[in-house]
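Structural overview for review
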Amino acid sequence: MKKLEEYAEQANDCREAAGQARTSAERENLLQMADRWEELARQRAAHLHLENVLTELLNARNGNGNHNGGAAAA
């Protein structure tokens, strides 16, 4: 979770710096960096969500007493 917060903070820092940029090129570069940090934050959030979903699925599977992938015993 820490990385997600750090990515969002980096994006905010870039946007703040863009507001104080001396040139339009500098401002544009900082805004692009902010966009990249936000994309990293979104990707991290999606990754964490998928990890949680996988953990829940595995726990549900292991919790039902059937450890053969759900197939009926032959």
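Up top you'll find the structure we're talking about.
One structure accompanies this document, and this report is about it. (Residues numbered from 1 in each chain as written. Predicted model: local features only at pLDDT ≥ 70, side-chain atom pairs only at ≥ 80, totals over all residues. Heavy atoms only, no water.)

In a regular helix each residue adds 1.5 Å, so 40 residues correspond to 58 Å; helix H2 (residues 24-63) covers 58 Å between its end C-alpha atoms and thus fits that length. Those residues of H2 that sit buried are Leu30, Ala34, Ala41 and Leu48. The inward-facing, buried residues of H2 abut helix H1 (2-19). (Helix = DSSP H or I, 4+ residues; strand = E, 2+ residues; numbered from the N terminus. Expected span 1.5 Å × (residues − 1). Buried < 20%, exposed > 50% of the residue type's maximum accessible area, 1.4 Å probe, protein only. Contact = heavy atoms within 4.5 Å.)

Let us now look at H1. For H1, with 18 residues, the first-to-last C-alpha span of 26 Å sits near the 26 Å given by 1.5 Å per residue. All of the buried residues in H1 are Leu4, Tyr7, Ala11, Cys14 and Ala18. The arc enclosing the buried residues of H1, seen along the axis, measures out at 90°, which places them on a common side. In H1, the exposed positions that point more than 90 degrees away from the buried face belong to Lys2, Glu5, Glu16 and Gly19. Residues of H1 that are buried sit in contact with H2. (Arc of directions from axis to C-beta.)

Attention now goes to the pattern of salt bridges. Evaluated as defined, the whole model comprises 3 salt bridges. A salt bridge links Arg15 to Glu38; the nearest nitrogen and oxygen atoms lie 3.0 Å apart. Of the two residues, Arg15 sits in helix H1 while Glu38 sits in helix H2, which places them 23 residues apart along the sequence. For the salt bridge of Arg42 with Glu39, the shortest nitrogen-to-oxygen distance reads 3.1 Å. In this pair, Arg42 and Glu39 both sit in helix H2, 3 residues apart, roughly one turn of the helix. When its relative accessible area of 33% is taken as the criterion, Glu39 is described as partly exposed. Among the charged side chains, a salt-bridge network with shared partners connects Arg15, Asp35 and Glu38. (Salt bridge = Lys/Arg side-chain N within 4 Å of Asp/Glu carboxyl O.)

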